[in-house]
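A look at the structure
Read off the chains here:
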Amino acid sequence: MFMNCRRVKKWHFLQLVSMCCVMSVLMVCWDHVGHHVVSHVKSYSYRYLINSYDFIHKSLSVSPEQAARFGSYPYLLNNKDICKDKNVLLLLFVKSSPGNFRRRQAIRSTWGNESYIRHKLGVIIKVVFAMGVHPDVLSDSLQQKKMHKELHKEHMNHGDLVQQNFLDTFHNLTMKLLLQFRWTHENCVHTRFLMSADDDVFIHLPNLVRYLQDLRRQNVRNLWVGHVHRGAPPVRRRDSKYYMPFDMYQWSSYPDYTAGAGYVVSGDVAAKIYQATLSLNASMYIDDVFMGICAIAVGVSPQEHVFFSGEGKTPYHPCIYEKMITSHGHENDIRYLWKVATAPQVEGFSSGLVGKLYCTAVKMKLLCKPYFTNTYSCMAAFT
Ligand SMILES: *[C@@H]1O[C@H](CO)[C@@H](O)[C@H](O)[C@H]1NC(C)=O
Ligand SMILES: *[C@@H]1O[C@H](CO)[C@@H](O)[C@H](O)[C@H]1NC(C)=O
Ligand SMILES: *[C@@H]1O[C@H](CO)[C@@H](O)[C@H](O)[C@H]1NC(C)=O
């Protein structure tokens with residue numbers, strides 16, 4: 001009332017100018033931050049406020065005949081007897097590709113060495129490499145023959161390959177997921193746990209086995225554990241590897257799922273997921289998300305373990321090796337990491353009060369960063 005006219009005008013003018021500034025900054029940056037922020041806000045609100053995904057699997061339900069069309073590619077290579085031993089603690093599916101021979105060799109001689117685990121820890125694990133058909137060789141029959149010969153030799157030497165007749169491409173990863181659950185249903189129903197991992201993942205098998213032995217003693221069921229993504233939004237940018245068209249998935253948030261790099265389910269969950277795949281449309285090509293949809297259909301939810309990694313690589317330190325389960329992105333250093341991470345001095349590295357304090361400090365320094373580092377979360381420092 002007592003403000004004079006000039007001051008009001010000045011005030012309004014200032015407001016107007018600052019509004020314009022903010023608007024123009026927003027408009028310039030909108031393309032970069034806008035969609036990203038909006039989609040995350042939308043998906044988190046959906047995940048944490050509504051959190052009801054029941055309709056998703058209902059809308060993806062198809063008849064058993066239609067579902068079978070996705071998952072019943074014939075086997076080209078198979079080893080049905082891998083699980084003939086009735087005492088399998090862990091069946092470990094490695095998602096591989098025909099050309100990745102070197103990676104398979106590295107895995108066989110390190111964390112995938114079944115006899116090492118049997119001698120050292122007294123348990124039976126089975127490693128299976130799952131793959132489709134190399135997509136490039138179809139046109140070139142000479143190369144196709146060569147690769148086929150090499151693969152056949154590997155098959156005879158190691159007896160751990162399972163290959164189905166679908167093209168081994170990124171957009172066919174869900175076919176590998178179907179293969180894994182179908183093969184388990186056909187050949188290994190008695191396994192206590194089933195794990196799925198990429199072939200560039202490092203798994204600290206001794207740590208994992210001890211963890212699973214503990215769970216077995218507690219007779220744990222209904223288990224699905226890994227690095228959990230909650231309320232992740234579908235990517236709608238066409239240039240992204242993970243682009244998700246609206247007609248394939250129309251909702252603003254994916255159901256919770258574990259990163260496909262490495263996760264474990266108990267045998268009962270493996271059986272339930274297999275049942276779910278028998279009546280779902282498996283054209284959803286992001287395999288970890290598809291697993292989330294299957295899990296909703298059968299009422300299973302994922303649980304977080306801080307030492308399972310998603311995309312990230314572990315920091316290299318004995319305090320980490322003592323606890324780690326999986327680490328992602330190891331194409332060339334699997335042998336090195338296996339050597340240092342399973343060295344005798346690593347076990348009990350943090351024992352005693354001093355050791356505990358020292359390792360907590362080290363882990364805090366390595367993991368608790370103010371910026372995103374893409375390894376284990378800061379929580380892992382305190383376990
Ligand atoms: C697997 O481990 C066993 C027992 O520790 C060892 O003798 C064998 O050489 C290893 N195999 C490979 C391929 O490294
Ligand atoms: C998946 O594999 C099938 C069978 O080989 C093939 O017809 C299809 O084109 C593949 N899809 C993609 C996206 O590669
Ligand atoms: C499965 O979903 C895809 C993509 O949404 C769709 O094109 C296809 O027709 C569906 N298949 C069946 C059998 O419903």
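Within every chain, residues take consecutive numbers counted from 1 along the sequence as written. Chain A is the first chain written and ligand 1 is the first ligand written, with later ones labelled in order. Only residues with pLDDT of 70 or above have their local features reported here, since the model is predicted, and side-chain atom pairs are shown and tallied only from 80 upward, although totals for entire chains, interfaces and linings are computed over all residues. Remark: hydrogens and water are excluded; side-chain values derive from all non-hydrogen atoms of the structure.

**Considerations on the pairing of strand β4 (residues 161-167)**
β4 sits mainly inside the fold: five of its seven residues count as buried. Bridge count between strand β1 (residues 75-77) and β4: two bridges; the pairing is antiparallel. The partner of Leu-77 across the bridge, within β4, is Gln-163. Any two strands with at least two DSSP bridges between them are considered paired. By the criteria applied, helices consist of DSSP H or I runs no shorter than four residues and strands consist of E runs no shorter than two, each listed in order from the N terminus. Of the strand pairs in this sheet, strand β3 (residues 124-133) and β4 are connected by four bridges, and their pairing is parallel. Of the residues in β4, the one forming a bridge with Met-131 is Gln-163. Three exposure classes are used, based on accessible area relative to the maximum for each residue type with a 1.4 Å probe and protein chains only: buried under 20%, partly exposed in between, and exposed over 50%.

**A word on the pairing of strand β10 (residues 262-266)**
For β10, the tally of buried residues reaches five of five residues, placing the bulk of the element in the interior. Covered by surrounding structure in β10 are Gly-262, Val-264 and Ser-266 together with Tyr-263 and Val-265, the residues of both alternating faces. By the bridge criterion, five bridges tie strand β5 (residues 193-198) to β10 in an arrangement that is antiparallel. What sits directly across from Phe-193, in β10, is Ser-266.

**Looking at the domain arrangement of the protein chain**
Per the annotation, domain bounds derive from an automatic or database assignment of domains. Here the protein chain is described as being made up of domain 1 (64-304) and domain 2 (318-382). One C-alpha centre belongs to domain 1, the other to domain 2; they are set 26 Å apart. Only heavy atoms enter the contact rule, under which two residues are in contact if any of them lie within 4.5 Å. At the interface, 21 residues of domain 1 touch 18 residues of domain 2. Carbon and sulfur atoms supply 61% of the area buried between domain 1 and domain 2, which totals about 1,700 Å² over both sides. If you sort the residues of domain 1 by the area they bury against domain 2, Asp-200, Phe-202 and His-204 come out on top, with a joint share of 38%. The term salt bridge refers to a pairing of a side-chain nitrogen on Lys or Arg with a carboxyl oxygen on Asp or Glu at a separation within 4 Å. Close ionic contact of Glu-331 with Arg-103 constitutes a salt bridge, the shortest N to O distance being 3.5 Å. N or O atoms closer than or at 3.5 Å make up a polar contact, with two conditions inside protein: a donor-capable atom paired with an acceptor-capable one, and, for residues adjacent in sequence, both atoms drawn from side chains. Taken together, domain 1 and domain 2 are joined by twelve residue pairs in polar contact (both at pLDDT 80 or more). Elements with a minimum of two residues in the side of domain 1 that touches domain 2: α4 (101-108), β5, β6 (201-203) and α8 (205-217). Tallying contributions element by element places α8 first for the side of domain 1 that touches domain 2, with five residues. The residue classification treats Ala, Val, Leu, Ile, Met, Phe, Trp, Tyr, Cys and Pro as nonpolar and Asp, Glu, Lys and Arg as charged. All others, Gly included, are polar. The class makeup of the residues in the side of domain 1 that touches domain 2 is twelve nonpolar, five polar and four charged. The term buried area refers to how much accessible surface (probe radius 1.4 Å) is lost by two components on association, counted for both of them together.

**Here we look at the packing of helix α9 (residues 267-277) against helix α10 (residues 287-297)**
For the pair α9 and α10, the least separation of the axes is 9 Å and the interaxial angle reads 100 degrees. Put simply, α9 runs roughly perpendicular to α10. Between α9 and α10, the contacting residues are Ile-273, Ala-276 and Thr-277 on the first element and Phe-290, Met-291, Cys-294, Ala-295 and Ala-297 on the second. Classifying every residue of the contact of α9 with α10 gives seven nonpolar, one polar and no charged. Orientation is described by lines fitted to C-alpha atoms, with helices fitted over the stretch in contact, and by angles between N-to-C directions that extend from 0 to 180 degrees. The scheme is simple: roughly parallel for angles under 35 degrees, roughly antiparallel for over 145, roughly perpendicular for 65 to 115, oblique for anything else.

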